[in-house]
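Tertiary structure, described
Next come the chains, spelled out residue by residue.
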Amino acid sequence: MMGVELRGTPRVVGKEVFGNLYDCDTEILKDSEKLKQIAVQATKEGNMTLLDVRAWKIGESVSVVAIVLESHVTIHTWPEHNFATVDVYSCGSHTDPRKAFNYIVTELKAKRFNVNEADRSSEF
């Protein structure tokens, strides 16, 4: 039948994992090259296809954006507060954004963090 779709099977699988990282390693939070390496490896950990990675220094802070075929990985740092925010968003059932997020937490040596997850899938 035309126009009939199966409910419950997402046509678009989207997963987002994001959070705040506290008491991180200050020197890593200032190091744009190291942060780029961490973002690149996080895409591998999460089984994502890296397209490009960029970093911007803003004073001692750094913003890193890794664009992946499936969406993005971002890291924003505030070394003066030993603080970072991380967002990993990916489309496709083959990806694991939680694994990528956890890798970043470990690499930034966060002593504590909070994590949120959002289902960005569409059934229609």
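In this text, all values refer to a predicted model and were calculated from it rather than measured experimentally. (Residues numbered from 1 in each chain as written. Predicted model: local features only at pLDDT ≥ 70, side-chain atom pairs only at ≥ 80, totals over all residues. Heavy atoms only, no water.)

1. Section: the packing of helix α2 (residues 32-45) against helix α3 (residues 97-107)
Here is the rule: Axis definition: a line fitted to C-alpha atoms, over the contacting stretch in the case of helices. Angles run 0 to 180 degrees between N-to-C directions. Under the DSSP-based scheme used, a helix requires at least four consecutive residues in state H or I and a strand at least two consecutive residues in state E, with every element numbered from the N terminus. We call two directions roughly parallel when the angle between them is under 35 degrees, roughly antiparallel when it is over 145, roughly perpendicular when it lies between 65 and 115, and oblique otherwise. Crossing handedness is read from the near helix: turned anticlockwise from the far helix by less than a right angle, it gives a left-handed crossing, and turned clockwise, a right-handed one. Note on contacts: a residue pair is in contact if any heavy atoms of the two residues lie within 4.5 Å. Only Asp, Glu, Lys and Arg are considered charged in this grouping, and only Ala, Val, Leu, Ile, Met, Phe, Trp, Tyr, Cys and Pro are considered nonpolar; every other residue, Gly among them, is considered polar.
For the pair α2 and α3, interaxial distance at closest approach is 8 Å and the crossing angle is 150°. In terms of axis orientation, α2 runs roughly antiparallel to α3. At the point where α2 passes α3, the crossing takes the right-handed sense. Contacts between α2 and α3 pair Lys-34, Ile-38, Gln-41, Ala-42 and Glu-45 from the former with Lys-99, Ala-100, Tyr-103, Ile-104 and Glu-107 from the latter. Counted by class, the contact of α2 with α3 contains five nonpolar, one polar and four charged residues.

2. Quick word on a nonpolar patch on the surface
This is how the line gets drawn: For patches, a residue must show more than 30% relative accessible area and have no salt bridge; joins then use 9 Å for like charges and 5 Å for nonpolar side chains, namely Val, Leu, Ile, Met, Phe, Trp and Tyr. The protein chains shown are the only cover counted for residues, whose accessible areas, like all others here, come from Shrake-Rupley with a 1.4 Å probe. By definition, a salt bridge exists where a carboxyl oxygen of Asp or Glu is found within 4 Å of a side-chain nitrogen of Lys or Arg.
Side chains of Leu-51, Ile-67 and Leu-69 sit close together on the surface and give an oily, nonpolar patch of about 300 Å² of accessible area. Within the element layout of this structure, Ile-67 appears in strand β3 (residues 61-68).

3. As for the confidence of the model for the protein chain
Stated formally: Confidence scores labelled pLDDT are given residue by residue by the predictor and lie between 0 and 100.
This prediction gives the protein chain a mean pLDDT of 90; 86% of its residues lie at or above 70. For residues 1-6, every residue scores under 50 in pLDDT, and the model assigns this stretch three contacts once sequence neighbours within four places are set aside.

4. Regarding unusual backbone geometry
Spelled out, the test is: For every residue, the accessible area (1.4 Å probe, protein chains only) is compared with the maximum for its type, and the residue is labelled buried under 20%, exposed over 50%, or partly exposed between those bounds.
We note that Asp-23 has phi near 55°; this positive angle belongs to a residue other than glycine. Along the chain, Asp-23 turns up in the loop between β1 (14-22) and α1 (26-30). Of the residues examined, Asp-23 reaches a relative accessible area of 31% and is grouped as partly exposed. Within the chain, Lys-109 stands out as a residue other than glycine whose phi angle is a positive 55°. Within the secondary structure, Lys-109 is located in the loop between α3 and β6 (112-119).

5. Examining the side chain of Ser-61
The test is simple: Whenever two N or O atoms come within 3.5 Å, that pair is a polar contact, provided that in protein one can donate a hydrogen and the other can accept it, and provided that, for residues adjacent in sequence, both atoms are side-chain atoms.
Note that Ser-61 resides in strand β3. Polar side-chain contacts of Ser-61 include one of 3.1 Å to the backbone oxygen of Thr-77. Those residues within four positions of Ser-61 in sequence are excluded, and the remaining contacts are Trp-56, Thr-77, Trp-78, Pro-79 and Glu-80.

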